[in-house]
Amino acid sequence: MRITALAGGVGGARFLRGLLAHLRASDDPARRDARVTVISNTADDITLHGLRVSPDLDSVMYTLGGGIDEVRGWGRSEETSGVADELAAYGQSPTWFTLGDKDLATHVVRSRLLAEGRTLSEATAVLCERWRPGVRLLPMTDDVVETHVDLAPVDPAQHHGEAGGRRVHFQEWWVRLHAAVPALAIEPVGAAAATPAPGVLAALREADVVILPPSNPVVSIGTILRVPGIREELRARSAPVVGVSPVIAGAPVRGMADACLTAIGVPTTAAAVAGLYDGLLDGWLVAEGDEVPATPGLTVRSRPLLMSDPQATADLAGAALDLALELVRTDRAA
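Here, residues in each chain are numbered from 1, in the same order as that chain's written sequence. In keeping with the predicted nature of the model, local features appear solely for residues at pLDDT of at least 70, side-chain atom pairs appear and are counted solely at 80 or more, and the whole-chain, interface and lining totals rest on all residues. For side-chain calculations, the full set of non-hydrogen atoms in the structure is used, while hydrogens and water are omitted.

## A closer look at the sheet that holds strand β10 (residues 241-244)
Test applied: A pair of strands is considered paired only if DSSP assigns at least 2 bridges between the two. A run of H or I in DSSP counts as a helix once it spans at least four residues, and a run of E counts as a strand once it spans at least two, with each numbered from the N terminus. Lines are fitted to the C-alpha atoms to define the axes, a helix being fitted only along its stretch in contact, and any angle between axes, read from their N-to-C directions, falls within 0 to 180 degrees. In this analysis, two residues are considered to be in contact whenever any of their non-hydrogen atoms come within 4.5 Å of each other.
Reading across the sheet, the 7 strands line up as β5-β2-β1-β9-β10-β13-β14 and stay open at both edges, with parallel pairing between neighbours. Only two strands of the sheet have a single neighbouring strand rather than two, namely β5 (136-139) and β14 (299-302). In this sheet, neighbouring strand axes are inclined to one another by 20° on average, regardless of whether the strands run parallel or antiparallel. Inspection of the sheet shows strand β13 (residues 283-286) paired to β14 by 4 bridges, in the parallel sense. Residue Trp284 lies in a different strand from β14, and its bridge partner there is Val300. Together, β1 (2-7), β2 (35-40), β9 (209-212) and β10 form the strand contacts of helix α1 (residues 10-25), whose direction differs from that of β1 by roughly 165°. Sitting on the sheet, helix α3 (residues 55-65) is in contact with β2 and β5, with an inclination near 175° to β5.

What follows is the structure, encoded as structure tokens:
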């Protein structure tokens, strides 16, 4: 069985860990032997202190490889910040994005490989040789794509000195400002001219199942879909596509996805998020009690969506896979 997933950072990584746990524990040989490919968002990438940082790729790699900080959900476990402290002492900015000492080694290796002429795909494969995440991890593109945010003008006294009215990298809006300054627009700069990384379209075309985990629908999965060819390949696929809502009762499961949805004029509801994937979804998992999208041809099921512990996460991933295989059987029977 070939499973392909589109994923962002923390939520997507935890869902994928649950998926692998479900597959390993299954009584079904086809599930135990399944091959998983993950297409990761790279528009959160940023250059800091001369190093290229890929937060979503690293979150998936560390989480599946056993090196993630479980409390924060990102960065390395048992991390220290000696280098960051020294950079701050030198007056080097930004200080709002802390690169941990262990994490720095990853960025140094990636940056060196890119400087040598390797692609991001090739650099990611080298990094994964250490972490062995149990999936084939692919960046959405080898081209440079960075999400930028247009900030609304605000009162600096109420926003830690930020006056808004300017364009910033997504990471500054997300990490430094905690998305508290309203966004007038969110743009993945470079996405329109990017091409899918090697293996991305084939992974979608050859998949038996495609899963959209509960990642941010605007700046994670939404950005992956902005790379020309990816949305079109999903539309043309024969495999069922099942998504998991990142929204429960009008609030994001984790993070500040509601600020992103507001910026593009979309309500923070499971039904509205499903609308962003219009023409792609065959199945959609929503929280119990949430509104069910009235979309012809879309099978919607209610399930507990909180990934509160490893078993709950594995059960959620298993429910998504069950629905996908059910849709395969229904299609074949038809």
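Having put the structure on the table, let's press on.
## Describing the pattern of salt bridges
Rules: Criterion for a salt bridge: a side-chain nitrogen of Lys or Arg within 4 Å of a carboxyl oxygen of Asp or Glu. The cut-offs for exposure are 20% and 50% of the maximum accessible area for each residue type, with area from a 1.4 Å probe on protein chains only; residues under the lower value are buried, those over the upper are exposed, and the others partly exposed.
Enumeration over the complete set of coordinates arrives at 17 salt bridges. Its salt-bridge partner being Arg2, residue Asp208 comes within 3.5 Å of it at the nearest N-O pair. On the criterion of sequence distance, the pair formed by Asp208 in the loop between α8 (200-205) and β9 and Arg2 in strand β1 is long-range, its members being 206 residues apart. A residue is classified by how much of its surface remains accessible, and Arg2, at 35% relative accessible area, is partly exposed. For Arg237, the salt bridge goes to Asp282, with nearest N and O atoms at 2.4 Å. Pair noted here: Arg237 is in the loop between α10 (230-236) and β10 and Asp282 is in the loop between α12 (270-276) and β13, with a separation of 45 residues, a long-range link. Relative accessible area serves as the criterion here: at 16%, Arg237 is assigned to the buried category. Through salt bridges that share partners, Glu162, Arg166, Glu172 and Arg176 make up one connected network.

## Some details on the nonpolar core
Let me state the cut-off plainly: In this text, buried Ala, Val, Leu, Ile, Met, Phe, Trp, Tyr and Cys residues form a nonpolar core when linked through side-chain atoms within 4.5 Å.
If you look at the biggest cluster of nonpolar residues, it comprises 52 residues, and the most contacted ones within it are Leu6, Trp173, Ile186 and Trp284. Those residues in contact with Leu6, other than ones at most four positions away along the chain, are Ile39, Leu204, Val210, Ile211, Leu212, Pro213, Ile221, Ile224, Leu225 and Leu234. One finds Ile3, Leu19, Val60 and Leu316 within the second-largest nonpolar core, a separate group that totals 40 residues.

## Regarding the sheet that holds strand β8 (residues 183-189)
The strand order across the open sheet built from 3 strands is β7-β6-β8, with neighbouring strands paired in antiparallel fashion. Of all strands in the sheet, those bounded by a partner on one side alone are β7 (167-169) and β8. Across this sheet, the average inter-strand angle for adjacent strands is 25°, counted without regard to direction. Pairing geometry for strand β6 (residues 146-151) and β8, over 6 bridges, is antiparallel. Note on β8: the bridge partner recorded for Asp150 is Ala185.

## Observations regarding the side chain of Asp103
Note the cut-off: Charge convention: Lys and Arg are scored as positive, Asp and Glu as negative, and His as well as the terminal groups of each chain are ignored. Polar contacts, as counted here, are pairs of nitrogen or oxygen atoms within 3.5 Å of one another; within protein the pair requires one atom able to donate a hydrogen and one able to accept it, and residues that are adjacent in sequence qualify only if both atoms are side-chain atoms.
Note that Asp103 resides in helix α5 (residues 101-115). At 6.5 Å, Arg76 is the nearest oppositely charged side chain to Asp103, a buried residue that forms no salt bridge. At 2.9 Å, the side chain of Asp103 forms a polar contact with the side chain of His107. Not counting chain neighbours up to four residues away, the residues in contact with Asp103 comprise Asp58, Tyr62, Arg76 and Glu79.

## Remarks on the environment of Glu187
Within the element layout of this structure, Glu187 appears in strand β8. Under the relative-accessibility criterion, Glu187 is labelled partly exposed at 33%. Each C-alpha atom, one on Glu187 and one on Ala294, is 29 Å from the other, the two residues being 107 residues apart in sequence. Polar contacts involving the side chain of Glu187 include one to the side chain of Arg167, which spans 2.9 Å.

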